[in-house]
Amino acid sequence: MTAPLTPPHQPPHDDPWQSPPTGALSFAGDDGEKGASDTKAELRQAVVVLVAVAVSGVALGLLWLWLAPRVPLISDATAVFLKDTEGEEAIAADGVFLLLALGFGAVSGALVFLFRRRGGIPLVLGLALGGLLGAVLAWKVGTWLGPTPDVVAHAKAAGTGATFDAPLELNAKGALLGWPVAALVVHLALTGLFGPRDPEPVPDWTWGPSER
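A.B. asks: Would you mind showing me how to read the overall build of the chain here?
C.D. replies: Summing up its helical and strand segments, the chain has six helices and three strands in all. Mapped from its N terminus to its C terminus, the chain presents α and β elements in the order α-α-β-β-α-α-α-β-α. By residue count, 26% of the 212 residues in the chain fall in the buried class. Long-range contacts, defined as pairs at least 24 residues apart, comprise 81% of the intrachain contacts of the chain with a sequence gap of at least 6. When the accessible area of the chain is evaluated, it comes to approximately 14,600 Å², of which 66% is carbon and sulfur surface.

Below, the structure written as structure tokens:
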């Protein structure tokens, strides 16, 4: 008699219905869990960037208040007039705000790139929204800490014939977009130049079955 090729206590190795051995690990759901954790991490980083960039708008507002030229006014006890009708201080104040916003946007875009070189849509959205909120906050801080908007009361306090400063205003509201636009341009440029690259695919030089 000949002995059976497969012992009775062991299943054949080519059985398609063979169950995996005990203790085997299944990695089917690992990719999904890893993707979910990466998404949560990106969202957390985007929120951090949004808050940090928006809060830095306070510094922009203080710089704008310090550097923006003042618009001189004068009162004759009946009305308030511009002391220099041909002055360009109001336009210069808008220009100062725009230049500062562009500078803050460039710096914030570069810092966010250094913070996370891989980028990502949530991070870019957080940077853009944070820049817009920071510009609005800077505008409000500058006007709030600047000369009082109550021109009549200010004129009475200054006295007839005395020169006083007009309220600090941002007439060109489009300057608020300077910060987010500059931040996105700088961040996207740095990502395109120095961001991580996908690995090049390895060419398959196998032309056919190997000969033995």
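A.B. asks: Help me understand the packing of aromatic side chains, please; the structure alone is not making it clear to me.
C.D. replies: Aromatic ring pairs: the centre-centre distance and the angle between the two ring planes describe each pair. Taken as a whole, this structure holds two aromatic pairs when the rule is applied. A cation over a ring is seen here: Lys-140 above Trp-139, with NZ or CZ 4.1 Å from the ring centre.

A.B. asks: Help me understand the packing of helix H2 (residues 57-67) against helix H4 (residues 121-145) in this model?
C.D. replies: Between two packed helices, the angle of one axis relative to the other and the distance separating the axes together describe the packing. The interhelical angle for the contact between H2 and H4, taken along N-to-C directions, is 40°, at an axis separation of 7 Å. In terms of orientation, H2 lies oblique with respect to H4. Here the hand of the crossing between H2 and H4 comes out right-handed. Residues Gly-57, Val-58, Leu-60, Gly-61, Leu-62, Trp-64 and Leu-65 of H2 pack against Gly-134, Leu-137, Ala-138, Trp-139, Val-141, Gly-142, Thr-143 and Leu-145 of H4. The residue makeup of the contact of H2 with H4, split by class, is 10 nonpolar, five polar and no charged.

A.B. asks: Mind showing me how you'd approach the sheet that holds strand E2 (residues 80-82) here?
C.D. replies: Paired through their backbone hydrogen bonds, the strands of a sheet run either parallel or antiparallel. In spatial order, the strands read E2-E1-E3; together these three strands make up an open sheet with antiparallel pairing. Two strands close off the open sheet at either side, each with one partner strand: E2 and strand E3 (163-165). Pairwise comparison of adjacent strand axes, ignoring direction, gives a mean angle of 40° for this sheet. In the sheet, strand E1 (residues 72-75) pairs with E2 via three bridges, with the strands oriented antiparallel.

A.B. asks: Teacher, can you tell me more about the side chain of His-187 here?
C.D. replies: When you line up the elements, His-187 lands in helix H6 (residues 178-194). The exposure class assigned to His-187 is buried, which follows from its relative accessible area of 2%. Leave out the neighbours within four places in its chain, and His-187 touches Gly-109, Val-112, Phe-113, Gly-119, Leu-123, Val-124 and Leu-127.

Thresholds, definitions, all that
- Numbers given for residues are sequential positions, taken from 1 along each chain in its written order.
- Local features in a predicted model are, by the rule used here, given only for residues with pLDDT of at least 70; side-chain atom pairs are given and counted only at 80 or more, and totals for whole chains, interfaces and linings are based on all residues.
- With hydrogens and water excluded, all non-hydrogen atoms of the structure serve as input to the side-chain values.
- Helix numbering and strand numbering both begin at the N terminus, where a helix is a DSSP run of H or I of at least 4 residues and a strand a DSSP run of E of at least 2.
- When a residue's accessible area, from a 1.4 Å probe over protein chains only, is under 20% of the maximum for its type it is buried; when over 50% it is exposed; and in between it is partly exposed.
- Residues are treated as being in contact if the distance between any of their heavy atoms lies within 4.5 Å.
- Under the convention used here, a 1.4 Å probe and the Shrake-Rupley method define accessible areas, while residue burial counts only the protein chains that appear.
- By convention, a stacked pair of Phe, Tyr or Trp rings (six-membered ring in the case of Trp) has centres within 6.5 Å and planes under 30 degrees apart, an edge-to-face pair has planes over 60 apart, and any other such pair is tilted.
- To sit over a ring, a charge needs its Lys NZ or Arg CZ within 6 Å of the ring centre and within 35 degrees of the ring normal.
- Between the N-to-C directions of two axes lies an angle of 0 to 180 degrees, each axis being a line fitted to C-alpha atoms and, for a helix, fitted only over the stretch in contact.
- Angle categories are assigned with fixed cut-offs, so that under 35 degrees is roughly parallel, over 145 is roughly antiparallel, 65 to 115 is roughly perpendicular, and the rest are oblique.
- Should the near helix be turned anticlockwise from the far one by less than a right angle, the crossing is termed left-handed; should it be turned clockwise, right-handed.
- Lys, Arg, Asp and Glu make up the charged group, whereas Ala, Val, Leu, Ile, Met, Phe, Trp, Tyr, Cys and Pro make up the nonpolar group; the residues left over, Gly among them, are polar.
- Two strands qualify as a pair provided DSSP detects at least 2 bridges between them.

Without other data, these values stay purely geometric and don't point to any function.
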